[in-house]
Amino acid sequence: EPRGHAGMYGAVVVRAGAAAEGAHLAALFLHGAGYSAMCGHAVMALGRFALDYGLVPEPARPETAVHLRCPCGPVTAFVPWDGRRSGNPVRFHSVPAFAAATDLAIDVPGHGKVVIDIGYGGTFYAFLSAEQLGLDVCSSKTRDLVSAASAVTEAVKKQFKLHHPESEDLAFLYGTILTDGKDAFSEEPTTNICVFADEQVDRSPTGSGVTARIALQYHKGLIQLNQTRTFRSSTTGSLFTGKAVKATKCGDYNAVVVEVSGEAFYTGTATFTVEEEDPLKYGFLFK
């Protein structure tokens, strides 16, 4: 504050040389604790932004492919375009997603032993049902879900070493996603909450998290190629859909390309001002 709050998420758009190699733009993602390697919802927003602000020459109707370079690698957003403005839903294909570990027993202080999966969808997440922690992802207090998820994240960091086959810079646990346990394919939505960075809570179902969760479900034989699942955020009720569209490899890992679809909306534009004599010019944090 006063120019934001701890739950905000941002993207720094980079153009020119940094966005070379066939991309329309590059992006750095930032949150309350620093930077992250991927953000699906930001990709949806950036796809619309790129079309509406002329960053893509000669966009095509009814849909335009927007190529982005993200810290995790190349990502393509497919954005509706009517000749004047962008629309929804936006879908994207991220980097190859894979199961890094399944049925991993972790000792979580205050909760005992739990069994988790770790999936990669542009960044790494730990997944487990909230029920294992004595909670309900739909009805428990957000504060209790956040505290439990954060305890899982810290325990996993201490007890399991992550590896990424292409870049050790990506080999870090971004957060923990608590689910309703409904991993088997169903036409009904499955609900989750993502707690990442410094106890930041995602307002969306988490694009990179959906990517990683689909990869885990595919790895376990719970979902087939091109079977679409719907994912609900327990915080806002917003929905994404996801499906594995192609089997591939990421190093030695069997991986999938996942398509995630959702909506992004403009809420305004802002100009931030810093006056040198302002004693709070660098901001402050209440927690």
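Throughout, a residue's number is its position along its own chain's written sequence, starting from 1. The model is predicted, so local features are restricted to residues of pLDDT at least 70 and side-chain atom pairs to those at 80 or more, both for listing and for counting; the totals for chains, interfaces and linings are taken over all residues. As a convention, hydrogens and water are excluded, and side-chain values are obtained from all of the structure's heavy atoms.

(A) Spotlight on the side chain of Thr230. One can find Thr230 in strand S13 (residues 229-233). Pairs of residues are marked as contacts when any of their non-hydrogen atoms sit within 4.5 Å. With sequence-adjacent residues up to four places away left out, Thr230 is seen in contact with Glu188, Pro189, Thr190, Leu239, Phe240 and Thr241. Per the convention used, a helix needs a DSSP run of H or I reaching at least four residues, while a strand needs a run of E reaching at least two, with both numbered from the N terminus.

(B) Structural context of the pattern of salt bridges. Salt bridges are counted wherever a side-chain nitrogen of Lys or Arg sits within 4 Å of a carboxyl oxygen of Asp or Glu. Under the defined criterion, the tally for this structure stands at nine salt bridges. Three or more residues joined by partner-sharing salt bridges are found here, namely Glu63, Arg91 and Glu259.

(C) Structural detail: the packing of aromatic side chains. Stacked, edge-to-face and tilted labels apply to pairs of Phe, Tyr and Trp rings (six-membered ring for Trp) whose centres lie within 6.5 Å, assigned for plane angles under 30 degrees, over 60, and everything in between, in that order. One pass over the structure, following the stated rule, counts ten aromatic pairs. For the pair Tyr125 and Phe127, a centre-to-centre distance of 6.2 Å together with 65° between the ring planes defines the contact as edge-to-face. There is no split in this pair, since Tyr125 and Phe127 are both buried. Aromatic ring contacts, followed pair by pair, group Tyr9, Tyr125, Phe127, Tyr174 and Phe196 into a single cluster. Cation placement over rings: the criterion is NZ of Lys or CZ of Arg within 6 Å of the ring centroid and within 35° of the ring normal. Across from the ring centre of Phe78, 4.3 Å away, lies the NZ or CZ of Arg91, which sits over that ring. Summary of the burial criterion: residues with accessible area below 20% of their type's maximum are buried, those above 50% are exposed, and those between are partly exposed, where the area comes from a 1.4 Å probe applied to protein chains only.

(D) Seen up close, helix H1 (residues 40-52). To estimate the expected span of a helix, subtract one from its residue number and multiply by 1.5 Å. With 13 residues, H1 extends 19 Å between its outermost C-alpha atoms, agreeing within 8% with the 18 Å of an ideal straight helix rising 1.5 Å per residue. Buried within H1 we find Gly40, Ala42, Val43, Met44, Leu46, Gly47, Arg48, Ala50 and Leu51. Within two residues after H1, Gly54 carries a phi angle of roughly 70°, on the positive side.

(E) Region of the structure containing a nonpolar patch on the surface. Nonpolar side chains collect at one region of the surface, where Val12, Leu28 and Tyr35 lie side by side and expose about 310 Å² of accessible area between them. Tracing the chain through its elements places Leu28 in strand S2 (residues 25-31). Candidates for patches are residues over 30% relative accessible area with no salt bridge; among them, like charges are joined within 9 Å and nonpolar side chains (Val, Leu, Ile, Met, Phe, Trp, Tyr) within 5 Å. Per-residue and other accessible areas were derived by the Shrake-Rupley procedure at a 1.4 Å probe size, with only the shown protein chains allowed to occlude residues.

(F) How the structure looks around the environment of Thr230. Looking at Thr230, the relative accessible area reads 18%, which means it is buried. For the pair formed by Thr230 and Val210, sequence separation is 20 residues and the distance between their alpha carbons is 9.3 Å.

(G) Quick peek at the domain arrangement of the protein. Reported domain spans reflect what an automatic or database domain assignment gives. One can read the domain layout of the protein as domain 1 (10-93) and domain 2 (96-262). Each partner contributes residues to the interface: domain 1 has 17 residues there, and domain 2 has 21 residues. Regarding the contact of domain 1 and domain 2, the summed buried area is about 1400 Å², with carbon and sulfur atoms giving 62% of it. Taken together, the links from domain 1 to domain 2 amount to one salt bridge. The closest approach of N and O atoms between Glu259 and Arg91, which form a salt bridge, is 2.8 Å. By the criterion applied in these results, polar contacts are pairs of N or O atoms within 3.5 Å in which, for protein atoms, one can donate a hydrogen and the other can accept it, and in which residues neighboring in sequence qualify only through two side-chain atoms. Taken together, the connections running from domain 1 to domain 2 amount to six residue pairs in polar contact (both at pLDDT 80 or more). If you list the elements that add at least two residues to the side of domain 1 that touches domain 2, you get H1 and strand S6 (90-93). Counting residues per element, the side of domain 1 that touches domain 2 draws most heavily on S6, which supplies four residues. As a working rule, the residues Ala, Val, Leu, Ile, Met, Phe, Trp, Tyr, Cys and Pro are called nonpolar, Asp, Glu, Lys and Arg charged, and the rest polar, with Gly in that last group. Here the side of domain 1 that touches domain 2 is built from residues that sort into nine nonpolar, seven polar and one charged. Summed over both partners, the accessible surface that disappears when two parts come together, traced with a 1.4 Å probe, is what is meant by buried area.

(H) Focus on the pairing of S2. Buried residues dominate S2, accounting for five of its seven residues. The criterion for strand pairing is that DSSP finds at least two bridges linking the strands in question. Pairing geometry for strand S1 (residues 10-14) and S2, over five bridges, is antiparallel. Within S2, the residue paired with Ala11 across the bridge is Phe29. Both S2 and strand S4 (residues 63-70) contribute to a ladder of two bridges, which runs parallel. For Ala26, the partnering residue across the bridge sits in S4 and is Arg69. Note: S2 against strand S3 (residues 34-36), three bridges, orientation antiparallel. Note that in S3 the partner of His31 across the bridge is Gly34.

(I) Looking closely at the nonpolar core. By convention a nonpolar core is built from buried Ala, Val, Leu, Ile, Met, Phe, Trp, Tyr and Cys residues, the set being connected through side-chain atoms within 4.5 Å. Counting residues in each nonpolar core, the largest one holds 70 residues, and the members touching the most others are Phe29, Val43, Val66, Cys72, Ile116 and Ile118. Mapping this core onto the domain boundaries places at least three of its residues in each of domain 1 (10-93) and domain 2 (96-262). Excluding its chain neighbours within four sequence positions, the residues that come into contact with Ile118 are Ala99, Ala100, Ala101, Leu104, Phe124, Tyr125, Ala126, Val156, Phe160, Leu162 and Leu216. By size, the runner-up hydrophobic cluster in this structure holds nine residues, among which are Ala99, Tyr125, Phe127 and Ile177.

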